[in-house]
Amino acid sequence: MKPIIRKENVKTLFESKFIRVFDLQYEAGKHYYDATRRPLDRIMAAKSDEEFRASLPDAVTCVVILQMKDAAPRLLLTKEFRYPTGQFLLSPPAGLLDPADEAQTDPILSAARREIREETGLDLAENDVLSIINPLLFSSPGMTDESNALVCAVVHPEDSSSLSQAGAVGSERFDGFCLLSVQEAEQILKAGKDPEGIFYSVYTWAALMYFVSGLWR
């Protein structure tokens, strides 16, 4: 039977602007801990089933596929510095949903368009396709309720000259792009590391798999 976690049984252990830790008392004398971006009134653990099913993700991760004229499709990944790992990791464009996104008709696609523009310099045009692969995936539900939506963007630029990381904001740091063929993406999947021998995130794995599977077509 699913444990019922009531808001009155949740205690704040640590709170800052960007992260919070809650003690989830799910039975008398039994505790579980949740590291989350969410304030107390929005944590997933205390939502009703109806509220849970209507939840928006914390962030969006974008599988960006370039279909340039007379060229094979390419998966667009970035080299983004990830502070907890201390490394530039092979990464899809991604970012948090802003309050302004949540006010839009489709918050997930609104956030995806903005993140793609900021992190790649690409503005989606009428002939480009933007669609939701999955509306909410938990990152590591054993320690956090953080989640990402997965979005696919099939973009048709003339060439790669418009790509830019000048729109990076806040703590974001980038070190270039990787435009992968299907064969190169398959090699990275099989190796479990990027061409420089660096590990990558599960969302990078998901982007690679979605690309090589052909499900985006």
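Fair warning: this is a prediction, and the values are worked out from it, not measured in the lab. (Residues numbered from 1 in each chain as written. Predicted model: local features only at pLDDT ≥ 70, side-chain atom pairs only at ≥ 80, totals over all residues. Heavy atoms only, no water.)

Before going further, it helps to examine the pairing of strand S2 (residues 20-27). Pairing between strand S1 (residues 10-15) and S2: 5 bridges, direction antiparallel. Note on S2: the bridge partner recorded for Thr12 is Phe22. Two successive antiparallel strands, S1 and S2, enclose a turn made up of 4 residues. Bridge count between S2 and strand S3 (residues 30-36): 7 bridges; the pairing is antiparallel. Each residue of the ladder has a partner; that of Leu24, found in S3, is Tyr32. Taking the residues that link successive antiparallel strands as the turn, the S2-S3 hairpin has 2 residues, and the phi of Gly29 there is positive, at about 80°. (Pairing = 2+ DSSP bridges. Helix = DSSP H or I, 4+ residues; strand = E, 2+ residues; numbered from the N terminus.)

Let us look at unusual backbone geometry. Trans is the common state for peptide bonds, and a negative phi is the common state for residues other than glycine. One non-glycine residue, Asp70, adopts positive backbone phi at about 60°. For Asp70, the position within the fold is in the loop between strand S4 (59-66) and strand S5 (74-82).

A surface patch of nonpolar side chains, about 530 Å² in accessible area, is lined by Leu13, Phe14, Phe18, Ile19 and Tyr33. Relative accessible area serves as the criterion here: at 58%, Phe18 is assigned to the exposed category. (Patch = residues over 30% accessible without salt bridge, like charges linked within 9 Å, V, L, I, M, F, W, Y side chains within 5 Å. Areas by Shrake-Rupley, 256 points an atom, 1.4 Å probe, with all protein chains shown as cover. Salt bridge = Lys/Arg side-chain N within 4 Å of Asp/Glu carboxyl O. Buried < 20%, exposed > 50% of the residue type's maximum accessible area, 1.4 Å probe, protein only.)

Right, let's get into the environment of Val155. Among the structural elements, Val155 can be located in strand S9 (residues 147-155). By relative accessible area, which is 3% here, Val155 ends up buried. Here the alpha-carbon distance between Val155 and Met68, two residues 87 residues apart in the chain, equals 8.0 Å. If sequence neighbours within four positions are ignored, Val155 has contacts with Val64, Ile65, Leu66, Gln67, Leu122 and Asp128. (Contact = heavy atoms within 4.5 Å.)

This part is about the pattern of salt bridges. Close approach of charged atoms allows side chains with opposite charge to pair. Evaluated as defined, the whole model comprises 14 salt bridges. In this structure, the salt-bridge partner of Glu80 is Arg82, at a minimum N-O distance of 3.2 Å. A salt bridge links Arg117 to Asp123, with the nearest nitrogen and oxygen atoms 2.8 Å apart.

Turning our eyes to something else, we now look at the sheet that holds S2. A sheet is described by the order of its strands in space; here 3 strands give the open sequence S1-S2-S3, paired in antiparallel fashion. The open sheet has two free edges, formed respectively by S1 and S3, since each of these has just one partner strand. Across the sheet, the mean angle from the axis of one strand to that of its neighbour is 25°, orientation sign disregarded. (Axes fitted to C-alpha atoms, helices over the stretch in contact; angles between N-to-C directions.)

Attention shifts here to the packing of helix H4 (residues 182-191) against helix H5 (residues 202-213). Between H4 and H5, the least distance of the axes is 9 Å, while the angle of their chain directions is 135°. Of the possible angle classes, the one that applies to H4 and H5 is oblique. In this structure, the crossing between H4 and H5 has a hand that is left-handed. For the pair H4 and H5, the contacting residues are Val182, Ala185, Glu186, Ile188 and Leu189 in the first and Trp205, Leu208, Met209, Phe211 and Val212 in the second. (Parallel < 35°, antiparallel > 145°, perpendicular 65-115°, else oblique. Left-handed = near helix turned anticlockwise from the far one by under 90°.)

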